[in-house]
Amino acid sequence: QVQLVESGGGLVQAGDSLRLSCAASGRTVSSYLLGWFRQAPGKEREFVAAVRSNGFTHYTDSVKGRFAISRDNAKNTTYLQMNSLKPEDTAVYYCFADTRYWSTISFNPRAYEYWGQGTQVTVSS
């Protein structure tokens, strides 16, 4: 089993930056697909970004150019650097991990194996 713990959320103003971290324990996740979803109040959980074991990244269109996902295999951790934050980025952010190879990244949160408990990001206007 893999346990994922997110940190780094908070309350910021529009235009500010935050860096989220997701630390994995229980297994080494260097070969795993790692990523982030978010869920705003009253909305479904939506894909944000993912990073493959080879470092290749994927983003949803609304965060391209503003967010950057990365991983540090030595620390068993993935990060989400969020810049130029907007009020519409307000959500609970969840990290995920998956052992399988995905030829195409799924935007369905039920597809992935392991999840963190989430961290709240609130962006005020």
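Just so we're clear, the structure is a prediction, and the values are computed from it rather than from any experiment.

Asks: Mind showing me how you'd approach the nonpolar core here?
Replies: The biggest cluster of nonpolar side chains holds 28 residues, and the ones touching the most others in it are L4, W36, V48, F67, L80, M82 and Y93. The set of elements that each furnish at least two residues to this core consists of β3 (18–25), β4 (33–39), β5 (46–51), β7 (67–72), β8 (77–82), β9 (91–98) and β11 (119–124). The next biggest cluster of nonpolar side chains, apart from the first, holds nine residues, and it includes F47, W102, I105 and Y112.

Asks: Which parts of the structure should I look at to understand the side chain of D89?
Replies: Mapping D89 onto the fold places it in the loop between β8 and β9. Only 2.9 Å separates the side chain of D89 from the side chain of R38, close enough to count as a polar contact. Engagement of the side chain of D89 in a polar contact is seen with the backbone nitrogen of K86, the distance being 2.8 Å. Apart from the residues within four sequence positions on either side, D89 is in contact with R38, R66, F67, S84, V121 and V123.

Asks: Can you walk me through the state of the cysteines in this structure?
Replies: The term disulfide refers to a covalent linkage connecting the sulfur atoms of a pair of cysteines. For the structure shown, the criterion picks out one disulfide. There is a disulfide in this structure between C22 and C95, and the S-S distance comes to 2.0 Å. In this structure, the disulfide formed by C22 and C95 twists by about 50° around the S-S bond and is classed as right-handed. Of this pair, C22 sits in strand β3 while C95 sits in strand β9, placing them 73 residues apart in sequence. Overall, the relative accessible area of 3% leaves C22 in the buried class. On the basis of relative accessibility, which here comes to 0%, the residue C95 falls in the buried class.

Reading the values: the criteria
- Residues numbered from 1 in each chain as written.
- Predicted model: local features only at pLDDT ≥ 70, side-chain atom pairs only at ≥ 80, totals over all residues.
- Heavy atoms only, no water.
- Core = buried A, V, L, I, M, F, W, Y, C linked by side-chain atoms within 4.5 Å.
- Buried < 20%, exposed > 50% of the residue type's maximum accessible area, 1.4 Å probe, protein only.
- Helix = DSSP H or I, 4+ residues; strand = E, 2+ residues; numbered from the N terminus.
- Polar contact = N/O pair within 3.5 Å; in protein donor to acceptor, adjacent residues only side chain to side chain.
- Contact = heavy atoms within 4.5 Å.
- Disulfide = S-S within 2.5 Å.

Any functional reading would require information that these geometric values do not contain.
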